[in-house]
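# Breakdown of the fold
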Amino acid sequence: MSPTDPAANHPAASNPGASDLDLAFSSDDDLAEELLNLAGPLADPLAGADLWHGRLSAWLDDLQADLPEALQSQAYSLGLQLVSDASIAALNQDWRSTSGPTDVLAFAAQDEDLEEPFPMPLPPQPDGHGQGDEPGEQDDDGDWGPAFGSLELGDIVISLDTAARQAQEHGHSLEQELLFLASHGLLHLLGWDHPDDASLAAMLARQEGLLAAARPPCA
């Protein structure tokens, strides 16, 4: 990752314990090696888990003041998966009855009228997932997770193929496009939507605020 890459310059990228987040990160085995190389550490199963944990934790901290009470929590859990066009097209058809690939899908587990914002602690899982010894510690599988129960937000699925095409169209790196799509997906998990131009503009402005904190200062 280059020194000017946004993921390398955010403090949370080097401080994975910034927030209590149980993150399940993965990238599909069938992704093209060329795209994986372009994506850099953000697509790496181990390094990517650390980087995404830091970034998503920082975003959740930043967004706390914007959230309805039902979505405010001391700990969260969510999934982030990088997949191929074929995989996301299948999900798009199954869940949205829409043919063809898209850039990002968000499967929200909560809604704004959730009655219990602080769920009861979860029992230990057989595979140890999300059961770090202390809040913000890594478990035996290398996943970042809090020691106590977390509010499940859902899953973000990003097509690496589509992200690469859009990065080229927009004239920026694949890593920047992945951060943009992940922030968009996270806002959807937290109840944001864009049924009209005004709401889309507001959502994109909030994304810009999240991403701007990661940019290096202008020379």
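In what follows, the accompanying structure is described. What you are looking at is a predicted structure, and each value in this text was computed from that prediction instead of being measured.

### Brief notes about the nonpolar core
Counting 41 residues, the largest nonpolar core has Trp52, Leu56, Ile158, Leu178 and Leu186 as the members making the most contacts within it. Those elements that place two or more of their residues in this core are strand E1 (21-27), helix H2 (33-39), helix H3 (47-63), strand E2 (76-83), strand E6 (151-159), helix H5 (160-170), helix H6 (174-189) and helix H7 (197-212). When residues in this core are grouped by element, the largest group, 8 residues, is from H6. For Trp52, the residues in contact, after removing those within four places along its chain, are Leu23, Phe25, Leu42, Leu80, Leu178, Leu179 and Ala182.

### Description of the sheet that holds E6
If you trace the 4 strands from one edge of the open sheet to the other, you get E1-E2-E6-E3, paired in mixed fashion. This sheet does not close on itself; its edge strands, each paired only once, are E1 and strand E3 (104-108). Sheet twist, expressed as the average angle between the axes of neighbouring strands with direction ignored, equals 15°. Relative to E6, E3 runs antiparallel, the two being bridged by 5 bridges. The partner of Val104 across the bridge, within E6, is Ile158. Strand contacts of H3: E1, E2 and E6, with the helix running at about 135° to E1, the strand carrying the most contacts.

### Quick word on unusual backbone geometry
Of note, Ser97 is a non-glycine position whose phi angle comes to about 50°, a positive value. With respect to the element layout, Ser97 can be found in the loop between helix H4 (85-96) and E3.

### Brief notes about the pairing of E2
The buried fraction of E2 is high, at 7 of 8 residues. Relative to E2, E1 is paired through 7 bridges, and the arrangement is parallel. Within the sheet, the bridge partner assigned to Leu21 lies in E2 and is Tyr76.

### Considering the pattern of salt bridges
Applying the stated rule across the entire model yields 3 salt bridges. With a shortest N-O distance of 2.5 Å, Asp66 and Arg206 are connected by a salt bridge. Here Arg206 lies in helix H7 and Asp66 lies in the loop between H3 and E2, a separation of 140 residues in the sequence. Note on Arg206: relative accessible area 17%, which makes it buried. Its salt-bridge partner being Asp85, residue Arg165 comes within 2.8 Å of it at the nearest N-O pair. On the criterion of sequence distance, the pair formed by Arg165 in helix H5 and Asp85 in helix H4 is long-range, its members being 80 residues apart. Among the residues examined, Asp85 registers a relative accessible area of 15% and is labelled buried. Linked through salt bridges whose partners overlap, the residues forming this network are Asp62, Asp66 and Arg206.

### Things to note about the packing of H3 against H7
Angle between the axes and distance between the axes are the two parameters that describe a pair of packed helices. Contact geometry for H3 and H7: axes closest at 10 Å, N-to-C directions at 125°. Put simply, H3 runs oblique to H7. Considering the relative orientation of H3 and H7, their crossing is right-handed. Two secondary-structure elements touch here, H3 through Trp59, Asp62 and Leu63 and H7 through Arg206, Leu210 and Leu211. In terms of residue class, the contact of H3 with H7 is made up of 4 nonpolar, no polar and 2 charged.

What counts, and where the lines are drawn
- Residues numbered from 1 in each chain as written.
- Predicted model: local features only at pLDDT ≥ 70, side-chain atom pairs only at ≥ 80, totals over all residues.
- Heavy atoms only, no water.
- Core = buried A, V, L, I, M, F, W, Y, C linked by side-chain atoms within 4.5 Å.
- Buried < 20%, exposed > 50% of the residue type's maximum accessible area, 1.4 Å probe, protein only.
- Helix = DSSP H or I, 4+ residues; strand = E, 2+ residues; numbered from the N terminus.
- Contact = heavy atoms within 4.5 Å.
- Pairing = 2+ DSSP bridges.
- Axes fitted to C-alpha atoms, helices over the stretch in contact; angles between N-to-C directions.
- Salt bridge = Lys/Arg side-chain N within 4 Å of Asp/Glu carboxyl O.
- Parallel < 35°, antiparallel > 145°, perpendicular 65-115°, else oblique.
- Left-handed = near helix turned anticlockwise from the far one by under 90°.
- Nonpolar A, V, L, I, M, F, W, Y, C, P; charged D, E, K, R; others polar.

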